[in-house]
Amino acid sequence: MQYGAFVDIDGTAGTPGVATGLLHISQITHERLSSVAQVLQAGDKLKAMVLSVNIEKGRVTLTTKKLEKEKGDMMRNKQPVFDGAEAMAAEWLARSGPEKKRRAGDVIDEGDTDS
């Protein structure tokens with residue numbers, strides 16, 4: 001979609017997704033994007049961090065930009081971002097304090113995009 005990518009959240013490779021999350025275009029990278037296709041294509045496997053979950057509305061909000069070591073890493077080469085996703089998420093949580101730790105920071109692995 002022009003405003004972001006829907007990600008089929010899948011905890012186990014090869015099984016149907018257990019939920020769908022939205023990776024808004026503004027949450028893909030710190031750099032400005034004119035389209036999601038600059039970074040992601042439908043069917044791409046990715047890792048993303050959960051920003052929020054609204055069970056009542058069935059919404060999961062995701063980010064990959066908080067996993068970037070340097071601004072724009074997702075545009076230059078996204079694989080190192082995914083390779084270091086767990087470490088970057090842990091750093092973000094350590095800086096964010098205990099309130100955020102209860103609500104966000106899980107890394108979703110093996111999600112499929114539907115941009």
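Residues numbered from 1 in each chain as written. Predicted model: local features only at pLDDT ≥ 70, side-chain atom pairs only at ≥ 80, totals over all residues. Heavy atoms only, no water.

1. Concerning the overall build of the chain
Then, number 1: Within the chain, the secondary structure is distributed over four helices and five strands.
Then, number 2: Going from N to C terminus, the chain has its helices and strands arranged as β-β-β-β-α-α-α-α-β.
Then, number 3: Looking at the chain as a whole, 39% of its 115 residues are labelled buried.
Then, number 4: Once local pairs closer than 6 in sequence are excluded, the contacts in the chain between residues at least 24 apart make up 55%.
Then, number 5: Of the accessible surface of the chain, which amounts to about 6700 Å², a share of 50% is contributed by carbon and sulfur atoms. (Helix = DSSP H or I, 4+ residues; strand = E, 2+ residues; numbered from the N terminus. Buried < 20%, exposed > 50% of the residue type's maximum accessible area, 1.4 Å probe, protein only. Contact = heavy atoms within 4.5 Å. Areas by Shrake-Rupley, 256 points an atom, 1.4 Å probe, with all protein chains shown as cover.)

2. Concerning the pairing of strand E4 (residues 59-63)
In summary, the side chains of a regular strand alternate between the two faces of the sheet.
Then, number 1: Inspection of the sheet shows strand E3 (residues 45-54) paired to E4 by five bridges, in the antiparallel sense. For Val53, the partnering residue across the bridge sits in E4 and is Val60.
Then, number 2: Hairpin connection between E3 and E4: a loop of four residues separates the two successive antiparallel strands, and Gly58 in this loop has a positive phi of roughly 65°. (Pairing = 2+ DSSP bridges.)

3. A word on the confidence of the model for the chain
Then, number 1: Summing up the model confidence of the chain, the mean pLDDT is 83 and the portion of residues at 70 or higher is 77%.
Then, number 2: Averaged over each element, pLDDT in the chain is lowest for helix H4 (residues 98-103) (51) and highest for helix H1 (residues 73-76) (96). (pLDDT = per-residue confidence, 0-100.)

4. What to know about the pattern of salt bridges
Then, number 1: Under the counting rule described, the total for this entry stands at four salt bridges.
Then, number 2: Put simply, Arg76 and Asp73 hold a salt bridge, and the shortest N to O gap is 2.8 Å. Taken as a pair, Arg76 and Asp73 lie in helix H1 at a separation of three residues, close to a single helical turn.
Then, number 3: The buried category is assigned to Asp73, whose relative accessible area is 17%.
Then, number 4: Here Glu91 makes a salt bridge to Arg95, at a shortest N to O gap of 3.9 Å. In this pair, Glu91 and Arg95 both sit in helix H3 (residues 85-96), four residues apart, roughly one turn of the helix.
Then, number 5: Overall, Glu91 belongs to the partly exposed group, its relative accessible area being 41%. (Salt bridge = Lys/Arg side-chain N within 4 Å of Asp/Glu carboxyl O.)

5. What about the side chain of Lys65?
Then, number 1: On the secondary structure map, Lys65 appears in the loop between E4 and H1.
Then, number 2: No salt bridge is formed by the buried Lys65; the nearest opposite charge belongs to Glu68, separated by 7.6 Å.
Then, number 3: Setting aside chain neighbours within four positions, we find Lys65 in contact with Ser26, Gln27, Ile28, Thr29 and His30. (Lys, Arg positive; Asp, Glu negative; His and termini not counted.)

6. Brief notes about the packing of aromatic side chains
Then, number 1: For the structure on display, the rule yields one aromatic pair.
Then, number 2: With 6.1 Å between their ring centres and 90° between their planes, Tyr3 and Phe6 make a pair best called edge-to-face. (Phe/Tyr/Trp six-rings, centres within 6.5 Å; stacked < 30°, edge-to-face > 60°.)

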